[in-house]
Amino acid sequence: MIRRLSIVAAAAAAGVLAASPALAHPTGGGPTLSLVDSAVFAPGQPFGGISGIDYDPRTGRYVAISDDRSALAPARYYTLRLPVSRKGLGTPVVTGVTTLRDRNGQAFANGTVDPEAVRELPGTSRLAWTSEGAASTGIPPFVRETSRDGSFRREYRLPAAYLPTATSGVRNNLALESLTVSADGRSLITATENALVQDGPAATLTNGSRSRVLVLDRASGRARAEYVYPVSPIAHPATDPANPYQDRGLTDLLTIDGTDFLAVERSYAGGVGFTIQIFWTTTRGATNAAGRTALTGAEKPMPKKLLFEFPAADNVEALTWGPRLPDGSRSLIAATDDNFGPAGTQFHLLRYRSRR
């Protein structure tokens, strides 16, 4: 089932293109984003929990990963068709579901994995995906490759600084939410949602958090670079005494070219809901902090510029390039994690224009 969403507020969203001069695009221009169409897809469980999505222009197919920790059904990814035309988004069609397998070829047991991001690997018949793990119980995050049948193929070696301990490593539920493939296809890039424990605090209402962007070499399976991405402070304070929870994190990255990326930041506050923003960011001029057990604080972070804020959106966690729009411009598809609630999965179609 698909329901249309009003995009009357799209024009208002264009007003968020202003940014602090210190974070401006180096050329003074840069890309712009605008909302074209939005829709809600609610086919029923166990579809949902979409935390990562990727589009294959050769086949017109999407792969989308669910963050179900094998609770409702075995950990899995879906294949989708999502028509795009002059009228906007068509009705999504689920064309397949594939169970992800562990090293032993078995479906993951409940609570042993937390799938978060997925990408097609160019020139192969494989997918790359991340698991956030569970720092609270000592389960480490990972970046792995899988065959299309879901079977394990290889795992990348994360630096020891990321492994969860009592005093270091990824924070619980603030680990590897994002994944993208470099422009030359030689690297995978992932990032922590917030700072590693030893690198500084998580985001608050007054201060951001220093996430690490990790570049993994596909040939060796090891880290080749690390950069600091400055997550912004939490957008709004919680207003619901019964639900005072509030947080903010980096939920996805998408490669633009050899140095530039789009970054999705999600902020949540009880009683307020979600604030979802997309930033332009770059590694140009940023410190390569590869191999550092802990950040010193002197690292020059990746600059960023706010491009777009969703006028009304749920929990957007996933972003991919989509097909060319009828006017020839590039499109982006964003998808939400509905947490398997009644709201269903939102898909958003955006227009991307470069002014560099």
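Cut-offs and rules
- Residues numbered from 1 in each chain as written.
- Predicted model: local features only at pLDDT ≥ 70, side-chain atom pairs only at ≥ 80, totals over all residues.
- Heavy atoms only, no water.
- Helix = DSSP H or I, 4+ residues; strand = E, 2+ residues; numbered from the N terminus.
- Rg over C-alpha atoms; globule rule 2.2 N^0.38 Å.
- Buried < 20%, exposed > 50% of the residue type's maximum accessible area, 1.4 Å probe, protein only.
- Contact = heavy atoms within 4.5 Å.
- Areas by Shrake-Rupley, 256 points an atom, 1.4 Å probe, with all protein chains shown as cover.
- Lys, Arg positive; Asp, Glu negative; His and termini not counted.
- Charge placed at Lys NZ, Arg CZ, Asp CG, Glu CD.
- Salt bridge = Lys/Arg side-chain N within 4 Å of Asp/Glu carboxyl O.
- Pairing = 2+ DSSP bridges.
- Axes fitted to C-alpha atoms, helices over the stretch in contact; angles between N-to-C directions.
- Phe/Tyr/Trp six-rings, centres within 6.5 Å; stacked < 30°, edge-to-face > 60°.
- Lys NZ or Arg CZ within 6 Å of the ring centre and 35° of its normal.

**Student:** Any chance you could explain the overall build of the chain here in plain terms?
**Tutor:** Assigned secondary structure in the chain consists of 1 helix and 23 strands. In terms of overall size, the chain behaves like a compact globule, its C-alpha atoms giving a radius of gyration of 19 Å where 356 residues would be expected to give roughly 21 Å. Referenced to the eigenvectors of the C-alpha coordinate spread, the extents of the chain come out at roughly 50 × 50 × 50 Å. Counting the 356 residues in the chain, one finds 55% classified as buried. Taking all contacts inside the chain whose residues are at least 6 apart in sequence as the whole, residues at least 24 apart take part in 60%. Carbon and sulfur atoms make up 52% of the accessible area of the chain, which amounts to about 14,100 Å² in all. When the 38 basic and 32 acidic side-chain charges of the chain are each reduced to a single mean position, those positions are 7 Å apart.

**Student:** Which parts of the structure should I look at to understand the side chain of E193?
**Tutor:** The residue E193 is located in the loop between β14 (187–192) and β15 (209–217) in this model. Since its relative accessible area comes to 0%, E193 is described here as buried. With sequence-adjacent residues up to four places away left out, E193 is seen in contact with E132, N173, L174, A175, E177, S211, V231, G249, L250, T251 and R266.

**Student:** Sorry if this is basic, but what is going on with the pattern of salt bridges here?
**Tutor:** Side-chain pairing between opposite charges can occur once the charged atoms of the two side chains come close. On inspection of all chains with the given rule, the structure shows 23 salt bridges. The residue R148 makes a salt bridge to E120 at a minimum N-O spacing of 2.5 Å. Placement of R148 in the loop between β11 (142–147) and β12 (152–155) and of E120 in strand β9 (residues 115–120) is noted, with a sequence separation of 28 residues between them. R148 gets classed as partly exposed once you look at its relative accessible area, which sits at 24%. Under the relative-accessibility criterion, E120 is labelled buried at 9%. Put simply, R351 and D327 hold a salt bridge, and the shortest N to O gap is 3.0 Å. Of this pair, R351 sits in strand β23 (residues 345–353) while D327 sits in the loop between β21 (316–321) and β22 (330–336), and the two are 24 residues apart along the sequence. The class for D327 is partly exposed, based on a relative accessible area of 43%.

**Student:** Could you clarify how one ought to interpret the sheet that holds strand β17 (residues 246–255) in this entry?
**Tutor:** Paired through their backbone hydrogen bonds, the strands of a sheet run either parallel or antiparallel. Taken in spatial order, the 4 strands line up as β17-β18-β19-β20 in an open sheet, and their pairing is antiparallel. Unpaired on one side and paired on the other, β17 and β20 (304–309) mark the two borders of the sheet. Strand after strand, the sheet turns through a mean of 30 degrees between neighbouring axes, direction not considered. Pairing of β17 with strand β18 (residues 260–269), which is carried by 9 bridges, proceeds in the antiparallel orientation.

**Student:** Would you mind going over the pairing of strand β5 (residues 76–81) with me for this structure?
**Tutor:** The two faces of a sheet get side chains in turn, since along a regular strand they alternate between them. Taken across its 6 residues, β5 has 5 buried, putting it largely inside the fold. As paired elements, strand β4 (residues 61–66) and β5 share 4 bridges and run antiparallel to each other. Residue pairing for β5: Y62 is matched across the bridge by L80. Here β5 runs beside strand β8 (residues 93–99); their pairing, made up of 6 bridges, is antiparallel. Bridge pairing in β8 links T79 to G96.

**Student:** Sorry, what's going on with the packing of aromatic side chains here?
**Tutor:** Note on aromatic pairs: each is described by the distance of the centres and the angle between the planes. Under the definition given, this model contains 9 aromatic pairs. Relative to F142, the ring of W129 has its centre 5.1 Å away and its plane inclined at 85 degrees; by these criteria the two rings are edge-to-face. Taken together, the positions of W129 in strand β10 (residues 126–131) and F142 in strand β11 put the pair 13 residues apart, joining distant regions of the chain. Geometrically, the ring pair formed by Y245 and Y268 is tilted, given 6.4 Å between the ring centres and 35 degrees between the ring planes. Highlighted residues: Y245 in the loop between β16 (223–231) and β17 and Y268 in strand β18, separated in sequence by 23 residues. In this structure Y245 comes out as partly exposed when scored by relative accessible area, which is 45%. One aromatic cluster is present, built from ring pairs that chain together F41, F47 and Y78. In this structure, R144 packs its charged tip against the face of F142, placed 3.8 Å from the ring centre.

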